[in-house]
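This is what each chain is made of:
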Amino acid sequence: MTTMTCPICENKIELPDGAKLGHRVTCPHCFAQLALYKNNNQNVLACAMCKNPTFDPAECGECERRREKKSIIEEGKL
Ligand SMILES: [Zn+2]
């Protein structure tokens, strides 16, 4: 088990051993959609949508939440 830090709420997130780059995980604390990236030779968690390992956490979290809300609304319409 590898423990990483959520870039948005800074709580610990456990990743399974052997998680590959691009592995997606939902933060159990703030429900951000995250993915595993490599930045400066280090594995980091960042937004699964932005695909940018050096995103602005606050801005990214907002963007993610809006997307989620939108998809829930769209699903509700179907
Ligand atoms: Zn979080």
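Residues numbered from 1 in each chain as written. Predicted model: local features only at pLDDT ≥ 70, side-chain atom pairs only at ≥ 80, totals over all residues. Heavy atoms only, no water.

Visitor: Kindly report on the overall build of the protein, identifying the contributing residues and their values.
Guide: The helix and strand tally for the protein stands at one helix and five strands. Of the regular secondary structure in the protein, the N- to C-terminal order runs β-β-β-β-β-α. Sorting the 78 residues of the protein into buried and exposed places 27% on the buried side. Taking as baseline every contact in the protein between residues at least 6 positions apart, the subset at least 24 positions apart corresponds to 21%. Accessible area of the protein: about 5500 Å², with a carbon and sulfur share of 50%. (Helix = DSSP H or I, 4+ residues; strand = E, 2+ residues; numbered from the N terminus. Buried < 20%, exposed > 50% of the residue type's maximum accessible area, 1.4 Å probe, protein only. Contact = heavy atoms within 4.5 Å. Areas by Shrake-Rupley, 256 points an atom, 1.4 Å probe, with all protein chains shown as cover.)

Visitor: Just give me the short version of the coordination of the zinc ion, but keep the residues and values in it.
Guide: Listed as protein donors to the zinc ion are Cys6 (SG), Cys9 (SG), Cys27 (SG) and Cys30 (SG); their distances from the metal cover 2.3 Å. Going along the chain, you hit the donors of the zinc ion in the pattern C-x2-C-x17-C-x2-C. Taking the relative accessible area as the measure of exposure, cysteine 6 reaches 1% and is therefore buried. (Donors = N, O, S within 2.8 Å, 3.2 Å for Na, K, Ca; no water.)

Visitor: Go over the environment of histidine 29 with me, naming the residues and quoting the values.
Guide: Considering the arrangement of structural elements, one finds histidine 29 in the loop between strand S3 (24-26) and strand S4 (33-39). Sequence spacing of histidine 29 and cysteine 6 is 23 residues, and the spatial spacing of their C-alpha atoms is 8.8 Å. Excluding residues within four positions of it along the chain, histidine 29 makes contact with Cys9, Asn11 and Lys12.

Visitor: I'd like a description of the confidence of the model for the protein, backed by residues and values.
Guide: For the protein, mean pLDDT is 78; residues scoring 70 or higher make up 64% of the total. Confidence, read as mean pLDDT per element, is least for helix H1 (residues 57-77) in the protein (58) and greatest for strand S2 (residues 12-15) (94). (pLDDT = per-residue confidence, 0-100.)

Visitor: Run through the sheet that holds S4, naming residues and quoting values.
Guide: If you walk across this open sheet you meet the three strands as S3-S4-S5, and the pairing is antiparallel. The open sheet terminates on both sides in strands that have one partner only, identified here as S3 and strand S5 (42-47). Recorded for the sheet is a direction-independent mean angle of 40 degrees between the axes of neighbouring strands. (Pairing = 2+ DSSP bridges. Axes fitted to C-alpha atoms, helices over the stretch in contact; angles between N-to-C directions.)

Visitor: Can you lay out unusual backbone geometry for me, pointing to particular residues and giving the numbers?
Guide: The backbone phi angle of glutamate 10 is positive, close to 65 degrees, even though this residue is not glycine. Within the secondary structure, glutamate 10 sits in the loop between strand S1 (2-5) and S2. By relative accessible area, which is 61% here, glutamate 10 ends up exposed. In this model, phenylalanine 31 sits at a positive phi of 65 degrees, which is unusual for a non-glycine residue. Inspection of the secondary structure assignment puts phenylalanine 31 in the loop between S3 and S4. Under the relative-accessibility criterion, phenylalanine 31 is labelled exposed at 51%.

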